[in-house]
Amino acid sequence: MTSLREGYLMKHLCIKSLTLGLFGCLLLIAGCGKDTKDYPKAVEPEFFDSQIPPDSPTASAPPKDGAAASDPAIFSGLDASLKPDASSETASSSATAKPQNSSDTSARLPEALSMYQGFFDGTEQVYVQAGALSDYLEDVGLEEGSEYSLEAILQIFRSHWGWRNEATEDRSITIEYAALDIGDDGIPELAIALSGDMEFEWTLLLRREGNHTILSYSFATWSRSETSLNTYGFMWGGGSSGAGDHSYEEMIICNDGRVLVLERSNYLWDSFSSEWSLLYEVVGQEPPSESLEVVYTTIGDETYASYDLYMELSSEEIERFETLCLEQNGVDFVPYEYVEEQKAAYIIQHGILEKWMEKDEVDWQPWKTAES
């Protein structure tokens, strides 16, 4: 029997590719071959644009210390001097080249990323914009609207998570980097990954505005979670809170530094869901293991519930199960395919191209090892 996790992955990938590729056709033949129930829609205005709106996190607070509030560069989009010139082809190719002497403290970034060199050298600090910390990093020690050197960030990394084994002699932190092209505009952004002999890894996404380095977003992963990143700032991954409780998330960094969450899903199997007891009531005995998968998916402001059964039930039993879920738990299930259609509509409405969501991990390059 195919496991629930394997079944989900196969279903998720197949339906997603079909839905995104054929969504225009679905709009033309709305109602054909799917449930005609009037489900709520999840549609928002276009998100990707060339301007930073007044309510952008970047514009919500002036920089401290290193960047004067009178400097318009941090509020007004990217400096024209950062746009690619005639040598961009050469610079682009060097961005993927492995730096020489990567373990040396004088290691240099490739030419295409040279505007970030000051942060690596310790002569510049990074400004933490509003919304730059993922939900579980709010207490990490970084404050929005403040500036930090690379050494200060390394110290926070050491002190916040601690070492896997306090007796370890290796207290070094490995620093890796990758070039990004958020918004596919040819202007380079930078990802930094920090790791060491500890449970967690920390990734920071940086961009330039004027003469300032900005922290757009950061996230951490641990031994029971994984998040991947592609060149366009698309992130995907999830983690486990138990044998039958798994999460999955997709998001993308927009060209003004904001983060757009495309999907947040929680997968609950068997007794990890409150619907398990209702299935028990329907069949009159405890169902076999791996019989029920309940998925709660949030897209925009809407949350949808769907489910899969991995046991044989009559149509009358299925109807009774869904009725009990609605009457006792307030859960009104929708088909999983419908959820994918809503996600496809959400992606299109926000101007996100399909190639930006390709699941190809960035090419991480070693920069140096920071000793404790």
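Calculation notes
- Residues numbered from 1 in each chain as written.
- Predicted model: local features only at pLDDT ≥ 70, side-chain atom pairs only at ≥ 80, totals over all residues.
- Heavy atoms only, no water.
- Helix = DSSP H or I, 4+ residues; strand = E, 2+ residues; numbered from the N terminus.
- Buried < 20%, exposed > 50% of the residue type's maximum accessible area, 1.4 Å probe, protein only.
- Areas by Shrake-Rupley, 256 points an atom, 1.4 Å probe, with all protein chains shown as cover.
- Pairing = 2+ DSSP bridges.
- Axes fitted to C-alpha atoms, helices over the stretch in contact; angles between N-to-C directions.
- Expected span 1.5 Å × (residues − 1).
- Arc of directions from axis to C-beta.
- Contact = heavy atoms within 4.5 Å.
- Core = buried A, V, L, I, M, F, W, Y, C linked by side-chain atoms within 4.5 Å.
- Parallel < 35°, antiparallel > 145°, perpendicular 65-115°, else oblique.
- Left-handed = near helix turned anticlockwise from the far one by under 90°.
- Nonpolar A, V, L, I, M, F, W, Y, C, P; charged D, E, K, R; others polar.

### A short note on the overall build of the protein chain
For step 1, the next point in the chain: The helix and strand tally for the protein chain stands at 7 helices and 13 strands.
For step 2, the next point in the chain: Taking all 372 residues of the protein chain together, the buried fraction comes to 48%.
For step 3, the next point in the chain: Only carbon and sulfur atoms are counted for the fraction: they give 49% of the accessible area of the protein chain, which is about 18,000 Å².

### Quick word on the sheet that holds strand β9 (residues 245-253)
For step 1, the next point in the chain: Pairing is antiparallel in the open sheet, where 6 strands are placed in the order β7-β8-β9-β10-β11-β12. The open sheet has two free edges, formed respectively by β7 (225-229) and β12 (302-309), since each of these has just one partner strand. Adjacent strand axes in the sheet meet at a mean angle of 15 degrees when their direction is disregarded.
For step 2, the next point in the chain: Pairing of strand β11 (residues 292-299) with β12 involves 8 bridges; the strand directions are antiparallel. Across the sheet, Val294 pairs through a bridge with Tyr307, a residue of β12.

### Structural notes on helix α6 (residues 315-329)
For step 1, the next point in the chain: Its 15 residues place the ends of α6 21 Å apart at the C-alpha level, agreeing with the 21 Å of an ideal helix rising 1.5 Å per residue.
For step 2, the next point in the chain: Residues of α6 that are buried include every one of Phe321, Leu324 and Cys325, and no others. The buried side chains of α6 occupy one side of the element, clustering within an arc of 100 degrees when seen end-on. Across α6 from its buried face, at more than 90 degrees, point the exposed residues Ser315, Glu316, Glu319 and Glu327.
For step 3, the next point in the chain: Next to the buried residues of α6 lie α5 (276-283), β11 and β12.
For step 4, the next point in the chain: Following α6 by one or two positions, Gly330 has its phi on the positive side, about 70 degrees.

### Looking at the nonpolar core
For step 1, the next point in the chain: Ranked by internal contacts, the top residues of the largest apolar core, which has 32 residues, are Phe120, Leu142, Ile153, Leu194, Trp202 and Leu206.
For step 2, the next point in the chain: When contributions to this core are tallied by element, the ones reaching two or more residues are α3 (117-121), β1 (126-128), α4 (150-161), β3 (173-180), β4 (189-196), β5 (201-209) and β6 (212-221).
For step 3, the next point in the chain: Top contributing element to this core by residue count: α4, with 5 residues.
For step 4, the next point in the chain: Excluding residues within four positions of it along the chain, Phe120 makes contact with Leu109, Leu150, Ile175, Leu190, Ile192 and Trp367.
For step 5, the next point in the chain: By size, the runner-up hydrophobic cluster in this structure holds 22 residues, among which are Tyr304, Tyr336, Val339 and Met357.

### Thoughts on the packing of α5 against α6
For step 1, the next point in the chain: Viewed as axis vectors pointing N to C, α5 and α6 meet at an angle of 140 degrees, and their least axial separation amounts to 9 Å. When the axes of α5 and α6 are compared, the pair comes out oblique. As α5 packs across α6, the resulting crossing turns out to be right-handed. Where α5 approaches α6, its residues Leu278, Leu279, Glu281 and Val282 are matched on the opposing element by Glu317, Arg320, Phe321, Leu324, Cys325, Gln328 and Asn329.
For step 2, the next point in the chain: For the contact of α5 with α6, the per-class residue count stands at 6 nonpolar, 2 polar and 3 charged.

### Considerations on the side chain of Ser273
For step 1, the next point in the chain: Turning to its location among the elements, Ser273 is positioned in the loop between β10 (259-269) and α5.
For step 2, the next point in the chain: A relative accessible area of 4% means that Ser273 is categorised as buried.
For step 3, the next point in the chain: In this structure, Ser273 is in contact with Leu268, Leu292 and Val294, ignoring residues within four places of it in sequence.

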